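One-letter residues, chain by chain:
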Amino acid sequence: MQNKYVKNCPFCNGTEIIESCQTGYATVTAVNNTWGGVALYHSICRSCGSVVRSYVKEPEKLLRRKDRK
């Protein structure tokens, strides 16, 4: 999947950005809500291996259920 936010690597100017997913014990959790985290996704430059962007796809899940929209 081509990343729509990162077109070029800021470190080596590479143009091939690949997506990866970090799950398991490395999930992201809110400070005040440690139950149930969300996967952390990374955009990685295929040329130099730099992580050029990290994000979660569903940031709403970091909120407590009563605080969600």
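Keep in mind that what you see is a predicted model, and the values were worked out from it rather than measured. Sequence order as written defines the numbering, with residues in each chain counted from 1. Restriction of local features to residues with pLDDT of at least 70 applies here, the model being predicted, together with a cutoff of 80 or more for giving and counting side-chain atom pairs; totals for whole chains, interfaces and linings are based on all residues. Side-chain metrics in this entry use all non-hydrogen atoms of the structure; hydrogen atoms and water are not considered.

Asker: Is there a simple way to think about unusual backbone geometry in this case?
Answerer: The phi angle at asparagine 13 is positive, at roughly 65°, despite the residue not being glycine. Every helix listed is a DSSP run of H or I at least four residues long, and every strand listed is a run of E at least two residues long, numbered separately from the N terminus. By secondary structure assignment, the location of asparagine 13 is in the segment before strand S1 (17-22). Asparagine 13 gets classed as exposed once you look at its relative accessible area, which sits at 53%. Whether a residue is buried, partly exposed or exposed follows from its accessible area with a 1.4 Å probe, protein chains only, as a fraction of its type maximum: under 20%, in between, or over 50%, in that order.

Asker: What is the right way to read the sheet that holds strand S4 (residues 40-45) from this model?
Answerer: Two strands in a sheet stick together by hydrogen bonds in their backbones, pointing the same way (parallel) or opposite ways (antiparallel). DSSP-based pairing: two strands are paired if at least 2 bridges between them are found. Reading across the sheet, the three strands line up as S1-S4-S5 and stay open at both edges, with antiparallel pairing between neighbours. Here the strands that pair on one side only, and so sit at the sheet edges, are S1 and strand S5 (51-55). The mean inter-strand angle of the sheet, taken between neighbouring strand axes irrespective of direction, is 20°. Here, axes are lines fitted to C-alpha atoms. For helices the fit covers the stretch in contact, and angles between N-to-C directions go from 0 to 180 degrees.

Asker: Please clarify how the packing of aromatic side chains should be interpreted in this entry.
Answerer: Here a ring pair, both rings aromatic, is described through the centre-centre distance and the interplanar angle of the planes. Pairing of aromatic rings covers Phe, Tyr and Trp, the last through its six-membered ring, and needs centres within 6.5 Å; plane angles under 30 degrees mean stacked, over 60 mean edge-to-face, and all others mean tilted. Counted by the stated rule, this structure contains one aromatic pair. For the ring pair tyrosine 41 and tyrosine 55, a centre distance of 5.8 Å and an interplane angle of 20° mean the geometry is stacked. Of this pair, tyrosine 41 sits in strand S4 while tyrosine 55 is found in strand S5, placing the two residues 14 residues apart along the sequence.

Asker: Teacher, can you tell me more about the pairing of S4 here?
Answerer: Side-chain positions along a regular strand alternate between the two faces of the sheet. The buried fraction of S4 amounts to five of the six residues, a majority that puts the element mostly inside the structure. The pairing of S1 with S4 spans six bridges and is antiparallel. Paired with glutamine 22 across the two strands is leucine 40, which belongs to S4. Sheet topology note: the S4/S5 ladder contains four bridges and is antiparallel. In the sheet register, serine 43 faces S5, and the bridge partner there is arginine 53. Counting the residues between successive antiparallel strands, the hairpin from S4 to S5 contains five residues, one of them, glycine 49, with a positive phi of roughly 85°.

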